[in-house]
Amino acid sequence: MINVKEFFKKRNYYFFVKVKIFLLAFINNKITIRKIYNLLICNLSYLLRSTNSGKAPVIVSVDLWNECNENCVFCRDASGNIYDLNPKSNNYIPKLKLDLIHYKNVVDAFYKDSLMIIPYVNGEPLMYKGIYQAIDYTSNRKLLSLIASNGILLNENNSKKLIEAGLDFLKVHISGFTNKIHQIQHRKGNVDLILKNLKQFMNLKKIYKSNTIVMLDYILYEHNKHELDMARNFAKENNLMFNIRPGNPKNMEDTEGKQRDTFFNSKKPCDWPWKALTLNNNRDMCPCCEFAIWSRPSPYGKINEDTNLQNMWFGEDVKNFRNNHIQNGRTQIDICKNCDRQGIGFKF
């Protein structure tokens, strides 16, 4: 039987997923010399500890809406209220929708140099009615697009619209292969429906000759490790990529405990400020996706429709945040102190 703690001595970096996405970008003509150059400059700037970076972030996440229909135990209470990770707050994170114009402005500002736009952060992306328009806009600008869904709304109609919009990568998570186990973590989840929808999506993908990469993401805990092989076999039978990642034991500490015991050097600067941006649904431009569940204002400030996003990326607020990381690592920034996230990627 698999030992969960031993399995996750190192964080999951989705290495093979990133390789496949990069290859897909070449196939779909979404990789240019300019984008590769920007990627190299962003990485080099981080390694040299410069307060400057490339012309654009490598990846931009946009939180279009933080509503969700699964009510995960670690993320929300039983009524669906979103927990605030700021220990100085006794409130919940407000649920807000972002106007699609701000998403399009982000795409327009960075499409020549960035690799990927991720139109979700902390909710179920298929609940946002404009998600298909957002993905289509991204595709037309030759940017990679990715969403992570719980799969409940991945019905035939929505699947067709995702494929027609040109979605590059779809990640669907489960934390069990039966509803009894899956719903321990996802209160309103329906794994039977999710698996049915995934089968249907793969059939449509074949019919429409789509290049969309589809991955089944198994969130591993002690309570669901006995169903892991069933999920793995399902993925194999339906030509899905299969991935295992550690779960968040928040509010399940009595049964799960800590999953990673490795030492993390908090004095080392995080690479996200050099390579990524997140636009929150309240129009805060943020260093990373963790700010979406942190009630204090972002150090980068709030944007408007006429904000020059490229100037903001080169601005003093961003440089000051990088410099704080250069001088102190994560030790002097409350939201960064206990975060061990390394390497840019999607949040979950």
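Anything mentioned here points back to the structure above.
Remember, it's a predicted structure, so these values are computed and weren't measured experimentally. (Residues numbered from 1 in each chain as written. Predicted model: local features only at pLDDT ≥ 70, side-chain atom pairs only at ≥ 80, totals over all residues. Heavy atoms only, no water.)

Here we take up the overall build of the chain. Counting its secondary structure elements, the chain contains 13 helices and 10 strands. Scaling as 2.2 N^0.38, a compact globule of 348 residues should have a C-alpha radius of gyration of about 20 Å, and the chain matches this with 19 Å. Each principal axis of the C-alpha distribution contributes one length, and for the chain these read about 50 × 45 × 35 Å. For the chain, the proportion of its 348 residues judged to be buried stands at 56%. In the chain, the share of contacts with a sequence separation of at least 24, taken over all contacts with a separation of at least 6, comes to 73%. Summing over all exposed atoms, the chain offers an accessible surface of approximately 16,000 Å²; the carbon and sulfur share of this is 51%. Put simply, the chain has 50 plus and 33 minus side-chain charges, and the middle of one group is 4 Å from the middle of the other. (Helix = DSSP H or I, 4+ residues; strand = E, 2+ residues; numbered from the N terminus. Rg over C-alpha atoms; globule rule 2.2 N^0.38 Å. Buried < 20%, exposed > 50% of the residue type's maximum accessible area, 1.4 Å probe, protein only. Contact = heavy atoms within 4.5 Å. Areas by Shrake-Rupley, 256 points an atom, 1.4 Å probe, with all protein chains shown as cover. Lys, Arg positive; Asp, Glu negative; His and termini not counted. Charge placed at Lys NZ, Arg CZ, Asp CG, Glu CD.)

Moving on, we get to the pairing of strand β6 (residues 169–174). In terms of burial, β6 is a largely internal element, 6 of the 6 residues being buried. Of the two faces of β6, the one holding Phe169, Lys171 and His173 and the one holding Leu170, Val172 and Ile174 are both buried throughout. In terms of strand pairing, strand β5 (residues 144–149) meets β6 through 4 bridges, oriented parallel. Residue pairing in the sheet places Ile147 in a bridge with Leu170 of β6. Traced from β5 through helix α6 (residues 156–165) to β6, the parallel crossover comes out right-handed. (Pairing = 2+ DSSP bridges. Right-handed = clockwise from strand over helix to strand, strands pointing away.)

Moving on, we come to the packing of helix α4 (residues 100–110) against helix α5 (residues 131–140). α5 packs onto α4 with a crossing angle of 15° between their chain directions and a minimal axis gap of 10 Å. With respect to their mutual orientation, α4 and α5 come out roughly parallel. Handedness of the crossing formed by α4 with α5: right-handed. Of the residues in α5, those touching α4 at Leu100, Tyr103, Lys104, Val107 and Asp108 are Gln133, Ala134, Tyr137 and Thr138. Across the contact of α4 with α5, the residue classes tally to 5 nonpolar, 2 polar and 2 charged. (Axes fitted to C-alpha atoms, helices over the stretch in contact; angles between N-to-C directions. Parallel < 35°, antiparallel > 145°, perpendicular 65-115°, else oblique. Left-handed = near helix turned anticlockwise from the far one by under 90°. Nonpolar A, V, L, I, M, F, W, Y, C, P; charged D, E, K, R; others polar.)

Right, let's get into unusual backbone geometry. Located in the positive-phi region is Asn29, a residue other than glycine, with phi close to 60°. Positionally, Asn29 belongs in the loop between α2 (15–27) and α3 (33–47). What makes Asn29 exposed here is its relative accessible area of 56%. The backbone of Asn239 shows a phi angle near 60°, a positive value even though the residue is not glycine. Locating Asn239 in the fold gives a position in the loop between α9 (228–237) and β8 (241–246). In this structure Asn239 comes out as exposed when scored by relative accessible area, which is 66%.

Attention shifts here to the environment of Val73. Looking at the secondary structure, you find Val73 in the loop between β1 (59–62) and β2 (82–83). Once the C-alpha coordinates of Val73 and Pro249 are considered, the two residues, 176 residues apart in sequence, prove to be 8.8 Å apart.

Now for the sheet that holds β5. Pairing within the open sheet is mixed, and its 8 strands lie in the order β8-β7-β6-β5-β4-β1-β9-β10. Each having just a single partner strand, β8 and β10 (285–286) make up the two edges of the open sheet. In the sheet, β1 pairs with strand β9 (residues 276–279) via 4 bridges, with the strands oriented parallel. Bridging from a neighbouring strand, Ser61 pairs with Thr278 of β9. Of the strands in this sheet, β1, β4 (116–118), β9 and β10 touch α4, which is tilted by about 175° from β1.

Here we take up the nonpolar core. What tends to happen in soluble globular proteins is that the nonpolar side chains get buried as a cluster. Leu64, Val106, Phe110, Leu162, Leu198 and Met285 are the most contacted members of the largest nonpolar core, which has 91 residues in total. Take this core: its biggest share by element is 7 residues, from helix α8 (residues 191–207). In this structure, Leu64 is in contact with Leu96, Lys97, Leu98, Leu100, Tyr103, Pro119, Tyr128, Ile131, Ala134 and Asn281, ignoring residues within four places of it in sequence. (Core = buried A, V, L, I, M, F, W, Y, C linked by side-chain atoms within 4.5 Å.)

Moving on: α6. Every α-helix winds through 3.6 residues per turn, so residues three or four apart in the chain are directed the same way. Those residues of α6 that fall on the buried side of the exposure criterion are Asn158, Ser159, Leu162, Ile163 and Ala165. Seen end-on, α6 carries its buried residues on one side only, within an arc spanning 165°. Among the residues of α6, the N-terminal cap falls to Asn155, whose side-chain oxygen and the backbone nitrogen of Asn157 are separated by 3.2 Å. Looking at the residues trailing α6, positive phi occurs at Gly166, about 90°. (Arc of directions from axis to C-beta. Polar contact = N/O pair within 3.5 Å; in protein donor to acceptor, adjacent residues only side chain to side chain.)

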